Amino acid sequence: MIMRKALALPLVSILSLIILWELSVDYFDVPKFLLPAPSLILCALIDNQELFLQSTINTLTITISALLAALFSGIFLALCFSLSRTFEAAFYPLAVILQVTPIVAVAPLVLIWVGIDNVNRALIIIAWLAAFFPILSNMSAGLKSVDRTLNDLFKLYGASNWQRFHLLLWPTAMPYLLASLKVSGGLALIGTVVAEFVAGSGGAQGLAWRILEAGNRLQTEKMFAGLLLLAIIGMIIFYAFSLLEYRLLKYRR
Amino acid sequence: MIMRKALALPLVSILSLIILWELSVDYFDVPKFLLPAPSLILCALIDNQELFLQSTINTLTITISALLAALFSGIFLALCFSLSRTFEAAFYPLAVILQVTPIVAVAPLVLIWVGIDNVNRALIIIAWLAAFFPILSNMSAGLKSVDRTLNDLFKLYGASNWQRFHLLLWPTAMPYLLASLKVSGGLALIGTVVAEFVAGSGGAQGLAWRILEAGNRLQTEKMFAGLLLLAIIGMIIFYAFSLLEYRLLKYRR
Amino acid sequence: DGITFATDWKAQAEHGGFYQALANGYYQAEGLKVTIRPGGPGSDNPRLLAAGALDIAIASNSFQPINMLSAGVDVKVVMASFQKDPQILMLHPDDPADSFDQLQGRPIFISDAAIAAFWPWMKSKFGYKDQQIRKYTYSLAPWLVNKGTVQEGYVSSEPFSARQAGITPKVLLFADAGYPGYSGMVMVNNSYLKDNRQTVTAFVRASIKGWIDYLYGDPAPANKLILHDNPEMTPELLSFAINEIRSRGIAGDKETLGSMSVTRWETFYKEMSNLGAVEKGVNVNNLLVPDLVPGLIHD
Amino acid sequence: MTNQSITLKDLSFAYDDIHPILTGLSWDIQKGHIYSLLGKSGCGKSTLLRLIAGLETPDKGSVDIQTNTPPAFVFQEPALLPWASVYHNIKLPVSLGAASASTAEIESYISLLGLDGLEDRYPAQLSGGQKMRVSIARALTQKAEILLLDEPFAALDEPLRFELNDLLLSLQDRLKMTVIFVTHSVYEAAYLADAAVVLNMGKLQSILPLDHNRSLPSSKQRSSHQFADNAARIFRALEEA
Amino acid sequence: MTNQSITLKDLSFAYDDIHPILTGLSWDIQKGHIYSLLGKSGCGKSTLLRLIAGLETPDKGSVDIQTNTPPAFVFQEPALLPWASVYHNIKLPVSLGAASASTAEIESYISLLGLDGLEDRYPAQLSGGQKMRVSIARALTQKAEILLLDEPFAALDEPLRFELNDLLLSLQDRLKMTVIFVTHSVYEAAYLADAAVVLNMGKLQSILPLDHNRSLPSSKQRSSHQFADNAARIFRALEEA
Ligand SMILES: Nc1ncnc2c1ncn2[C@@H]1O[C@H](COP(=O)(O)OP(=O)(O)OP(=O)(O)O)[C@@H](O)[C@H]1O
Ligand SMILES: Nc1ncnc2c1ncn2[C@@H]1O[C@H](COP(=O)(O)OP(=O)(O)OP(=O)(O)O)[C@@H](O)[C@H]1O
Ligand SMILES: [Mg+2]
Ligand SMILES: [Mg+2]
């Protein structure tokens with residue numbers, strides 16, 4: 001029941017938004033290059049479905065790779081940080097620097113580093129840069145929230161670091177990790193798009209390409225079709241993690 | 001003692017990185033357009049100090065405004081979501097859409113909306129878009145982590161919503177909020193820079209312009225001076241929140 | 001009342017004429033209060049103009065106004081700063097190639113704007129493939145370290161930066177290979193034009209005067225403004241750029257500076273629409289205003 | 001009839017479909033009486049208190065409370081705010097407007113519970129018994145008409161427990177509140193309660209009225225015949241369960 | 001000498017500079033004995049157990065343990081993993097390789113503690129006493145040589161408590177482990193312990209050896225003269241504190 005409601009309501013809200021949009025574009029006579037009507041966007045999507053499908057697959061592939069990389073690296077770094085205060089003090093600043101360095105500025109460096117023929121690798125690295133920090137930050141906070149007595153219990157049992165991690169730290173940090181995944185899922189997606197903007201090649205054309213090309217030609221309905229696909233992917237990622245959260249945390253309280 | 005160590009180590013690690021950098025640029029004869037030596041960067045910074053100071057102030061102003069806006073809106077939305085499942089189901093998707101929409105695509109809309117002459121307002125809105133989602137997501141997770149018995153206690157006392165918020169929910173969610181602030185602080189900064197790229201007119205003089213135009217003109221040491229300033233601001237924001245975290249959570253366990 | 005003129009990048013020599021007109025008071029003499037609003041990589045003049053947020057702005061290339069027209073924006077082009085588009089491809093000095101058609105299969109660093117505009121033309125004209133595209137995000141570094149790659153740019157800008165890095169590149173000008181577009185055009189929202197014909201006329205007159213003065217007189221007043229507006233600009237780059245514009249005839253003859261020909265627009269459109277680079281069924285004549293400034297538009 | 005403060009009628013409750021906890025329980029709780037609630041671990045004592053407090057909704061039946069102030073509840077766990085000092089934890093009902101104790105009163109409860117000097121500590125810096133005492137102090141500041149205590153003294157040493165038993169009696173004597181307290185100590189029940197109530201199989205198995213001679217000093221009462229008799233009767237009732 | 005399993009020498013410990021908890025405490029803990037540790041709430045009993053277990057480091061003095069397996073510890077709070085079922089919580093020491101109980105053994109402890117049918121529940125779905133029993137079961141599966149129990153039975157009803165007391169005695173009889181258990185119940189101490197130890201003002205105030213006639217059935221023992229005598233002696237020691 002709850003799940004059905006949780007599914008129905010967003011649909012209803014989005015649908016009513018779309019209807020409102022369609023009507024007000026019509027009513028206020030909004031120029032279509034500013035905000036095209038949803039019906040036009042849908043047409044653009046259907047007219048170019050094969051193109052969009054391929055682009056979506058390309059973007060999605062990079063997004064998922066980057067998200068996985070962010071997940072593993074974020075968790076791993078957070079773990080290292082939790083094991084050694086010294087390591088944390090020494091390397092956290094570098095993570096912060098990576099986070100606040102504009103992607104346009106690093107993109108050329110990344111491209112040079114991986115070689116201009118490995119565009120996809122460059123895209124993954126750039127999208128990873130965008131996605132990994134929330135996971136690191138939240139995982140660190142999660143690891144710090146470990147219950148003192150449970151910690152003592154594990155000490156008492158002489159648990160190995162690995163046991164401590166997967167039986168105590170991991171489940172403790174889970175709510176934090178899940179919250180960050182919802183953030184990083186979106187960031188990996190948007191990071192991929194930005195990466196395609198700054199480092200993409202003409203070979204594998206992701207959604208960024210579609211959006212940009214359409215935008216440059218003022219084919220705004222086509223551009224919005226690309227944005228729509230992005231929104232849908234973002235939503236799928238977000239609700240997948242929400243579902244996971246619901247499943248995993250159900251028995252906690 | 002702990003605090004002193006926590007301060008000294010990052011400094012040491014950054015310093016040794018810089019020295020390594022200087023030496024290897026020299027040793028490997030790295031062309032300066034690729035990676036200028038730290039000494040050159042410092043010179044560029046000093047030579048253009050007034051310019052950089054002004055740019056830093058501009059960027060910082062936008063960043064802080066956007067971060068504050070993200071903080072209040074994120075917390076407020078998360079609260080509304082926690083009060084009403086219906087509201088959450090209806091509006092969370094919109095927040096997700098906002099997160100995954102590329103800034104380049106929305107920038108013109110924002111610019112048109114606030115008026116082309118209110119560039120700063122457009123910048124704040126765009127940077128806010130980048131920063132607010134982690135706060136919302138973490139705050140939501142934090143609000144869900146409320147202890148059941150404490151919740152019962154407040155119910156029993158007939159606490160008002162406001163009391164429940166500031167005496168129970170707020171402190172419960174604090175560790176989550178602080179983790180997200182570390183993320184959003186950086187995102188607000190980088191969001192400001194991106195906003196300056198996409199919406200700033202060349203007249204507005206934030207750090208983005210120093211970085212982009214210097215990069216374009218291959219004045220790489222000047223570009224890195226801009227990046228350095230960004231890194232420093234990012235670090236200050238991050239460590240300010242870390243300190244706050246340390247202070248606020250000291251007595252918890 | 002004032003008039004805000006939006007350019008397509010930070011202040012540079014490519015906007016020199018407008019700055020000269022401003023600096024020497026040519027606009028003022030016409031009774032105009034002009035503000036120049038520099039653009040950047042994300043500035044989207046066509047969309048802002050289409051949405052009515054801007055009235056008058058630079059069109060970087062001939063594609064922009066045509067795309068606007070085909071999207072249903074009522075826009076007019078009233079002058080062209082450059083008769084030749086300053087777009088180039090740049091090669092490393094020791095590169096064996098010395099013409100466009102020898103660059104098939106080579107990685108080309110090319111900006112988003114160019115991809116949407118020139119790329120289809122280059123593809124069909126020289127047999128390039130999408131796979132060659134590498135994004136140019138306003139840093140020459142990837143090109144500099146990768147011998148054998150090709151770099152897109154402006155004749156008046158990128159070669160200078162390359163020289164700063166110790167490389168004197170080979171330069172291939174699109175226009176020399178038959179690219180028929182104008183550049184640095186002034187485009188105006190037609191509804192604005194209707195109500196402010198006098199103002200626009202005066203603006204064009206003053207701007208042309210500024211350009212002539214900038215290229216053939218003393219460019220110092222404009223340069224001072226440019227250097228002030230853009231701290232990364234250098235006097236050396238400015239004089240390099242002016243020299244390139246002059247010596248390559250980018251702005252055409254002194255006498256016909258600013259003018260456009262209907263036939264050339266039509267040629268451009270025919271070629272590009274045949275390539276599929278722009279939509280079919282647009283009448284480019286609708287872009288032009290024949291007697292706004294007498295003699296500026298000819299057949 | 002007018003001196004009934006709580007009426008439970010035909011209460012049924014279950015957390016899930018398989019294990020019924022309460023099955024048609026009825027109880028007329030008299031105003032100003034002290035009840036001790038006994039029963040096997042896991043039989044539903046805490047659940048019953050939660051139902052009375054309105055923290056759970058019965059599946060069937062009704063809970064009827066005639067009172068103006070919210071009941072005071074000492075949960076089985078201390079339930080303290082980890083981020084608030086001992087003092088602020090105790091003051092919580094006052095801060096929330098659910099009670100109106102003066103600073104002097106709050107301080108007197110702190111003293112009575114032996115928490116002097118710990119006011120500025122945080123819960124994480126307290127021993128188990130100290131935490132429980134903070135929770136008791138918090139409930140007392142409320143000066144509620146109904147007191148629901150879930151094993152409040154289980155974590156305390158015997159002398160302190162005796163002291164607090166007497167504290168409760170004297171407060172009750174003054175304020176005439178209705179007290180229901182869960183305990184596992186038969187002797188505590190025998191000493192404190194006006195009636196011992198045994199919960200078993202989802203119903204009240206027996207309600208044993210107990211006699212006391214409160215005029216005697218407490219140590220005398222604890223060694224009196226009456227006391228031994230009370231305890232024996234409770235033991236017997238429990239054994240039947 | 002050889003039958004000492006733990007030696008505490010001149011232990012001092014404090015959490016902060018102002019409140020010393022232990023001040024030069026010494027204690028020779030005999031192998032295979034059951035000690036009950038009594039003392040005022042907040043006097044440092046839990047802290048002492050933590051020191052013995054090595055969870056705190058003494059400021060001065062030493063803790064010397066001759067044992068191969070880690071001690072089993074029942075904390076004052078249940079300390080269960082909220083995300084693990086009852087069964088997996090009990091199995092934790094085995095999962096961590098700190099003990100090697102078979103599945104049958106684990107199930108037998110579950111039965112002995114009356115937790116049958118609750119194996120798949122999560123801690124949040126248990127009553128207070130049930131949680132504590134899970135914690136006790138977990139400690140027992142460890143089959144450790146040293147058992148440190150911090151008020152393990154405080155949350156349990158008297159009949160169950162008696163049962164578990166006897167379970168502990170029979171296990172001890174078989175396995176000869178050293179047991180230190182904190183309790184507030186003088187009667188429990190009097191029945192279970194070989195010696196009652198009173199902690200006061202940071203030192204062991206007294207160590208009272210207690211006599212039992214374990215050949216009698218438990219109910220007989222509980223009403224024996226010896227038992228009453230043991231209890232009286234402990235009461236007296238506590239009063240001195
Ligand atoms: N983290 C801490 N910081 C400061 N003081 C503490 C801390 N933990 C415990 N204390 C203090 O140390 C003293 C001893 O605590 P301990 O938990 O050992 O008492 P206890 O004898 O087990 O009491 P109880 O019977 O109430 O459980 C108490 O007065 C307590 O306030
Ligand atoms: N959230 C829950 N979901 C399912 N069952 C629950 C839940 N909470 C408690 N129970 C079950 O309900 C029964 C009654 O629990 P309750 O806490 O009322 O017992 P109790 O009498 O207070 O026991 P104790 O003396 O051990 O505290 C127990 O068997 C328990 O397992
Ligand atoms: Mg209970
Ligand atoms: Mg204790």
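The structure displayed is predicted, hence computed values, not measured ones.

Rules behind the numbers
- By convention here, each chain's residues receive numbers from 1 onward along its written sequence.
- Written order decides the labels, with chains lettered from A and ligands numbered from 1.
- Where totals are concerned, whole chains, interfaces and linings use all residues; where local detail is concerned, this predicted model gives features only for residues with pLDDT of at least 70, and gives and counts side-chain atom pairs only at 80 or more.
- Based on all heavy atoms of the structure, the side-chain values leave hydrogens and waters out of the count.
- Strands pair, by our definition, only if DSSP identifies at least two bridges between them.
- In DSSP terms, a helix is any run of H or I states spanning at least four residues, a strand is any run of E spanning at least two, and both are numbered starting from the N terminus.
- Lines fitted to the C-alpha atoms define the axes, with helices restricted to the stretch that makes contact. Angles between their N-to-C directions range from 0 to 180 degrees.
- The criterion used for residue contact is that any of the two residues' heavy atoms lie within 4.5 Å.
- Donor atoms (N, O, S) are those found within 2.8 Å of the metal centre, with the cutoff raised to 3.2 Å for Na, K and Ca; water is not part of the atom list, so apparent gaps in a site can occur.
- Burial status follows relative accessibility: with a 1.4 Å probe on protein chains alone, a residue under 20% of its type maximum counts as buried, one over 50% as exposed, and anything between as partly exposed.
- Fitting of the copies onto one another was done by least squares over C-alpha atoms, counting residues only where both copies have pLDDT of at least 70.
- We call a residue near a molecule or strand whenever a single non-hydrogen atom of that residue lies within 4 Å of it.
- What qualifies as a polar contact is a pair of N or O atoms within 3.5 Å, subject to a donor-acceptor requirement within protein and to the restriction that residues adjacent in sequence count only when both atoms come from side chains.
- With residues, only the protein chains shown are counted as cover, and all accessible areas are computed by Shrake-Rupley using a 1.4 Å probe.
- Under the scheme applied, nonpolar residues are Ala, Val, Leu, Ile, Met, Phe, Trp, Tyr, Cys and Pro; charged residues are Asp, Glu, Lys and Arg; polar residues are all the others, including Gly.
- Accessible area that two parts lose when put together, with a 1.4 Å probe and added across both, is what the buried area reports.
- The term salt bridge refers to a side-chain nitrogen of Lys or Arg lying within 4 Å of a carboxyl oxygen of Asp or Glu.
- Angular relationships are summarised with four words: roughly parallel below 35 degrees, roughly antiparallel beyond 145, roughly perpendicular across 65 to 115, and oblique for the angles in between.
- Left-handed describes a crossing in which the near helix is turned anticlockwise from the far one by less than a right angle; the clockwise case is right-handed.
- Helix span, expected: 1.5 Å multiplied by one less than the number of residues in the helix.
- Working definition for bend: take the seven residues up to and ending at a residue and the seven starting at it, fit an axis to each, and measure the angle between the axes.
- UniProt positions are given in the numbering used here, feature names are shortened, and annotations may be inferred rather than shown by experiment.
- Only four residue types enter the tally: Lys and Arg on the positive side, Asp and Glu on the negative side; His and the chain ends are excluded.
- Throughout, the arc means that of the directions going from the helix axis to the C-beta atoms.

**Some points on the sheet that holds strand S8 (residues 150-154) of chain C**
Residues and elements named next belong to chain C. What the five strands build is an open sheet, ordered S7-S6-S8-S5-S9; its pairing is mixed. Because the sheet does not close on itself, it has two edges, and the strands there are strand S7 (133-135) and strand S9 (170-173). In this sheet, adjacent strand axes meet at a mean angle of 35 degrees when their direction is disregarded.

**A closer look at the arrangement of the chains**
A comparison of contact numbers over the eight pairs of chains in contact places chains A and B at the top. For the non-touching pair chain C and chain D, the nearest C-alpha separation works out to 47 Å. No interface is formed between chain C and chain E, the nearest pair of C-alpha atoms being 48 Å apart.

**Re the coordination of the magnesium ion (ligand 4)**
Residues and elements named next belong to chain E. Distances from the magnesium ion (ligand 4) to its protein donors, Ser 46 (OG) and Gln 76 (OE1), fall at 1.9 to 2.1 Å. Separated by 30 residues along the polypeptide, Ser 46 in helix H1 (residues 45-53) and Gln 76 in the loop between strand S5 (72-74) and helix H2 (86-95) bring together distant segments of the chain. The class of Gln 76 is buried, set by a relative accessible area of 19%.

**Some thoughts on the relation of the copies chain A and chain B**
By a simple turn and slide, chain A fits onto chain B: the slide is 0.0 Å along the axis, the RMSD is 0.2 Å, and the turn is 180 degrees. Between the two chains, the operation in question is that of a two-fold axis. Mapped onto chain B, 100% of the interface residues of chain A again fall at the interface, so both copies present the same surface.

**Structural notes on the environment of Ile 180 of chain E**
All names here are of chain E. Along the chain, Ile 180 turns up in strand S7 (residues 178-182). Using a relative accessible area of 0% as the deciding quantity, one classes Ile 180 as buried. Considered as a pair, Ile 180 and Leu 147 are 33 residues apart in the sequence and their alpha carbons are 6.2 Å apart. With residues up to four places along the chain from it excluded, the contact list for Ile 180 reads Trp 27, Ile 29, Tyr 35, Leu 37, Leu 49, Ile 52, Leu 147, Leu 148 and Leu 149.

**A look at the sheet that holds strand S3 (residues 34-38) of chain D**
Residues and elements named next belong to chain D. Pairing is mixed across the open sheet formed by six strands, whose spatial order is S5-S6-S7-S3-S8-S9. Since the sheet does not close on itself, it has two edges, and those belong to strand S5 (72-74) and strand S9 (203-209), each with one partner. Strand-to-strand twist across the sheet, computed as the mean angle between neighbouring axes with direction ignored, equals 15 degrees. Running over the sheet, helix H1 (residues 45-53) touches S3, S5, strand S6 (146-150), strand S7 (178-182) and strand S8 (195-200) and is turned about 155 degrees from S6. Packed onto the sheet, helix H8 (residues 225-240) meets S3, S8 and S9 and runs at close to 165 degrees relative to S9.

**Side note on the site of ligand 2**
Close to ligand 2 lie 20 residues, the nearest being Ser 46 and Thr 47 of chain D together with Ser 127, Gly 129 and Gln 130 of chain E. In this structure ligand 2 sits where residues from chains D and E come together. In this structure, Cys 43 of chain D approaches ligand 2 through a main-chain N or O atom, which is 3.3 Å from an oxygen atom. At 3.3 Å from a nitrogen atom of ligand 2 is found a main-chain nitrogen or oxygen belonging to Gln 125 of chain E. Contact with the protein chains removes 92% of the 640 Å² of surface that ligand 2 exposes when unbound. In terms of residue class, the shell around ligand 2 is made up of five nonpolar, 12 polar and three charged.

**A closer look at the interface of chain B and chain C**
Counting residues at the interface gives 28 residues for chain B and 34 residues for chain C. Taken together, both faces of the contact between chain B and chain C bury some 2,600 Å²; the carbon and sulfur share is 59%. For chain B, the biggest contributors to the area lost against chain C are Ile 116, Asn 216 and Arg 217 of chain B; these three give 25% of the whole. Counting across the chain B and chain C interface gives two salt bridges. For the salt bridge of Arg 210 of chain B with Glu 232 of chain C, the shortest nitrogen-to-oxygen distance reads 2.7 Å. In this structure, the connection of chain B to chain C is made through six residue pairs in polar contact (both at pLDDT 80 or more). Contributing elements (two or more residues each) for the side of chain B that touches chain C: helix H5 (103-114), helix H8 (161-199) and helix H9 (207-216) of chain B. Looking at the side of chain B that touches chain C residue by residue, the classes come out as 17 nonpolar, seven polar and four charged.

**Here we look at the interface of chain A and chain B**
Many authors give the size of an interface as the accessible area that is lost as the parts come together. With 59 residues of chain A in contact, the opposing surface of chain B contributes 59 residues. Summing both partners gives a buried area of about 4,700 Å² for chain A against chain B, and 74% of it is carried by carbon and sulfur. Our count for the contact surface shared by chain A and chain B stands at five residue pairs in polar contact (both at pLDDT 80 or more). Elements with a contribution of two residues or more to the side of chain A that touches chain B: helix H1 (2-28), helix H4 (85-100), helix H5 (103-114), helix H6 (119-144), helix H8 (161-199) and helix H10 (220-249) of chain A. Broken down by class, the residue content of the side of chain A that touches chain B amounts to 41 nonpolar, 10 polar and eight charged.

**A word on the packing of H8 of chain A against H10 of chain A**
Residues and elements named next belong to chain A. Here H8 crosses H10 at 170 degrees, and the two axes come no closer than 10 Å. The angle between H8 and H10 falls in the class roughly antiparallel. In the packing of H8 onto H10, the handedness of the crossing is right-handed. Contact residues: Met 174, Pro 175, Leu 178, Leu 181, Lys 182, Gly 185, Leu 189 and Val 193 in H8; Leu 230, Ile 233, Gly 234, Ile 237, Phe 238, Phe 241, Ser 242, Leu 244, Glu 245, Leu 248 and Leu 249 in H10. When the residues that make up the contact of H8 with H10 are grouped by side-chain class, the tally is 14 nonpolar, three polar and two charged.

**Remarks on the site of ligand 1**
Neighbouring ligand 1 are 21 residues, the closest being Ser 127 and Gln 130 of chain D together with Lys 45, Ser 46 and Thr 47 of chain E. Nearby residues around ligand 1 are contributed by chains D and E. Gln 125 of chain D is positioned with one of its backbone polar atoms (N or O) 3.3 Å from a nitrogen atom of ligand 1. One of the side-chain nitrogen or oxygen atoms of Gln 76 of chain E is found 2.7 Å away from an oxygen atom of ligand 1.

**Quick word on the coordination of the magnesium ion (ligand 3)**
Those protein atoms acting as donors to the magnesium ion (ligand 3) are Ser 46 of chain D (OG) and Gln 76 of chain D (OE1), and they sit at 1.9 to 2.1 Å. A relative accessible area of 22% means that Ser 46 of chain D is categorised as partly exposed.

**Here's the deal with unusual backbone geometry**
Residue and element names in this part refer to chain D. A positive phi angle is found at Asp 10, which is not glycine, with a value near 55 degrees. With respect to the helices and strands, the residue Asp 10 is situated in strand S1 (residues 4-14). Here Asp 10 falls in the partly exposed class, since its relative accessible area comes to 45%. Notably, Lys 143 is not glycine yet its phi reads approximately 45 degrees, a positive angle. In this structure, Lys 143 sits in the loop between helix H4 (128-141) and S6. We classify Lys 143 as partly exposed; its relative accessible area is 33%.

**A look at helix H6 (residues 119-144) of chain B**
End to end, H6 of chain B covers 38 Å across 26 residues, agreeing with the expected 38 Å (1.5 Å per residue, within 8%). Bending of H6 of chain B peaks at approximately 35 degrees at the position of Ala 131 of chain B, with proline Pro 134 of chain B no more than four residues after it.

**Comments concerning the UniProt feature "transmembrane region" (unreviewed entry) in chain A**
Annotation from UniProt places "transmembrane region" (unreviewed entry) at residues 60-83, 90-116, 122-143, 187-212 and 224-244 of chain A. Strand forms 0% of residues 224-244 of chain A and helix 100%; the C-alpha atoms that close the span are 30 Å apart.

**Observations concerning the side chain of Glu 152 of chain C**
All names here are of chain C. Residue placement: Glu 152 occurs in strand S8. Despite its burial, Glu 152 pairs with no opposite charge, the nearest such side chain being Lys 135 at 11 Å. A polar contact is formed between the side chain of Glu 152 and the backbone nitrogen of Ser 111, at a distance of 3.0 Å. Setting aside residues no more than four positions away along its own chain, Glu 152 makes contact with Gln 87, Ile 88, Leu 89, Phe 109, Ile 110, Ser 111, Ala 114, Tyr 136 and Glu 158.

**Considering helix H2 (residues 38-47) of chain B**
Residues and elements named next belong to chain B. What H2 keeps buried is the set Pro 38, Ile 41, Ala 44 and Leu 45. Take H2 and look down its axis: the buried residues cluster within an arc of 120 degrees, on one side only. In H2, the exposed positions that point more than 90 degrees away from the buried face belong to Ile 46 and Asp 47.

**Concerning the environment of Met 235 of chain A**
Positionally, Met 235 of chain A belongs in helix H10. C-alpha separation for the pair Met 235 of chain A and Gly 185 of chain A, spaced 50 residues apart in sequence, amounts to 9.5 Å. Leaving out residues up to four positions away in the same chain, Met 235 of chain A has contacts with Ile 14 of chain A together with Pro 93, Val 96 and Ile 97 of chain B.

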